[in-house]
Amino acid sequence: MEHATRESVQQAANILQSRPYTVALAGAGMSKESGIPTFRGSGGLWTENGEPPLDQYQQFQRDPKRWWEERSNNSLGDFAQKIDSAQPNPGHFALAKMEEMGILRHLITQNIDDLHRRAGHQSLTEIHGNRNWMRCISCGFRISQRDFTYDPNVLPVYCDEDGCDGIIKSDTVMFGEPIPPQALNSSSMHSDLSDVFLTIGTSALVYPAAAFPVEAIQRGKILIEINPEPTQLTEHATIAIGAESGQVLPLLVEMISELDE
Ligand SMILES: [Zn+2]
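As a starting point, this report considers the structure included with it.

Cut-offs and rules
- Residues numbered from 1 in each chain as written.
- Predicted model: local features only at pLDDT ≥ 70, side-chain atom pairs only at ≥ 80, totals over all residues.
- Core = buried A, V, L, I, M, F, W, Y, C linked by C-beta atoms within 7 Å.
- Buried ≥ 20, exposed ≤ 12 C-beta atoms within 10 Å, placed from the backbone.
- Contact = placed C-beta atoms within 7 Å.
- Helix = DSSP H or I, 4+ residues; strand = E, 2+ residues; numbered from the N terminus.
- Pairing = 2+ DSSP bridges.
- Axes fitted to C-alpha atoms, helices over the stretch in contact; angles between N-to-C directions.
- Parallel < 35°, antiparallel > 145°, perpendicular 65-115°, else oblique.
- Left-handed = near helix turned anticlockwise from the far one by under 90°.
- Nonpolar A, V, L, I, M, F, W, Y, C, P; charged D, E, K, R; others polar.

**Quick look at the nonpolar core**
Argument step 1. Core analysis: the largest hydrophobic core is formed by 41 residues, its most contacted members being Ala-24, Ala-94, Leu-95, Ile-108, Ile-224, Val-248 and Leu-252.
Argument step 2. Here Ile-224 is in contact with Ala-12, Val-196, Leu-198, Ala-237, Thr-238 and Ile-239, once residues within four sequence places are set aside.

**Observations concerning the pairing of strand S1 (residues 22–26)**
Argument step 1. For S1, the buried fraction is high: five of the five residues fall into the buried class.
Argument step 2. Of the two faces of S1, the one lined by Thr-22, Ala-24 and Ala-26 and the one lined by Val-23 and Leu-25 are each fully buried.
Argument step 3. Judged from the five bridges that link them, S1 and strand S2 (residues 104–109) form a sheet pairing that is parallel. Bridging across to S2, Val-23 finds its partner in His-106.
Argument step 4. The pairing of S1 with strand S7 (residues 196–200) spans five bridges and is classified as parallel. Of the residues in S7, the one forming a bridge with Val-23 is Phe-197.

**A word on the pairing of S2**
Argument step 1. Of all six residues in S2, five are buried; the element is thus mostly enclosed.
Argument step 2. Relative to strand S3 (residues 124–126), S2 is paired through three bridges, and the arrangement is parallel. Considered in S3, the bridge of Thr-109 is made with Glu-126.

**Quick word on the sheet that holds S2**
Argument step 1. If you trace the six strands from one edge of the open sheet to the other, you get S3-S2-S1-S7-S8-S9, paired in parallel fashion. Only two strands of the sheet have a single neighbouring strand rather than two, namely S3 and strand S9 (239–241). Averaged over all adjacent pairs, the angle separating strand axes in this sheet is 15 degrees, with direction ignored.
Argument step 2. With three bridges joining them, strand S8 (residues 222–226) and S9 adopt parallel strand pairing. Its bridge partner being in S9, Ile-226 is matched across the sheet by Ile-241.

**Some details on the packing of helix H7 (residues 90–100) against helix H11 (residues 245–260)**
Argument step 1. Their axes nearest at 7 Å, the elements H7 and H11 cross at an angle of 30 degrees. In terms of orientation, H7 lies roughly parallel with respect to H11. The element H7 and its partner H11 pack so that their crossing is left-handed. Contacts between H7 and H11 pair Pro-90, Gly-91, Ala-94, Leu-95, Lys-97 and Met-98 from the former with Ser-245, Gly-246, Leu-249, Pro-250, Leu-252 and Val-253 from the latter.
Argument step 2. When grouped by side-chain class, the residues that make up the contact of H7 with H11 number eight nonpolar, three polar and one charged.

Structure below.
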């Protein structure tokens, strides 16, 4: 790591060591470091295979049974296999450690790959869902696929929460689907409370997730950005660290621990 980059990490450590209320937004850059291809950009899933239809969710709503039948018949694609074999990287573990140390109060992730959970993260909003979970589109009930059972002869699957008869779908937010209100509420609540906002591996272009750091900037909060490439947030960042999260975050934990001593 370059000296200047290391200096920036030290500056971030100095700020975070006093435990201001810190909220982070993580994006595809973190998953990429675990070997998961991005959606957009060169070699991206959608660049190679085309983007899903913009009315994907409306198609689901029109014919949920068909979606369920296709889901049952589809074998795992190359992308799904890459996600399933991916492991949390040192950046994921360092963020979970920052939570344990009382530094990071909440993490909003745009990633659907379950790697934050697998690294042990607790206070987490998966704003675009989690591909290993299912969700009711009416009441928002979520269940891990590990615990989820259904009768493949009775499709689509309906929610069996008390008083709810909503349709169950994958938790991953489809094109055209609104972000679940529970996810928006928890993201807004923690962002409002934050003194420091940390963006990690995200170009902050996809709304509504991008609105949280933008609002932090507008309200004059401290913004710390960790991303190998400059983004539209970089010029507004209090500290911009131009390196990979898998390198920066463990160093940040180490530096804060040293200051704690
Ligand atoms: Zn329900």
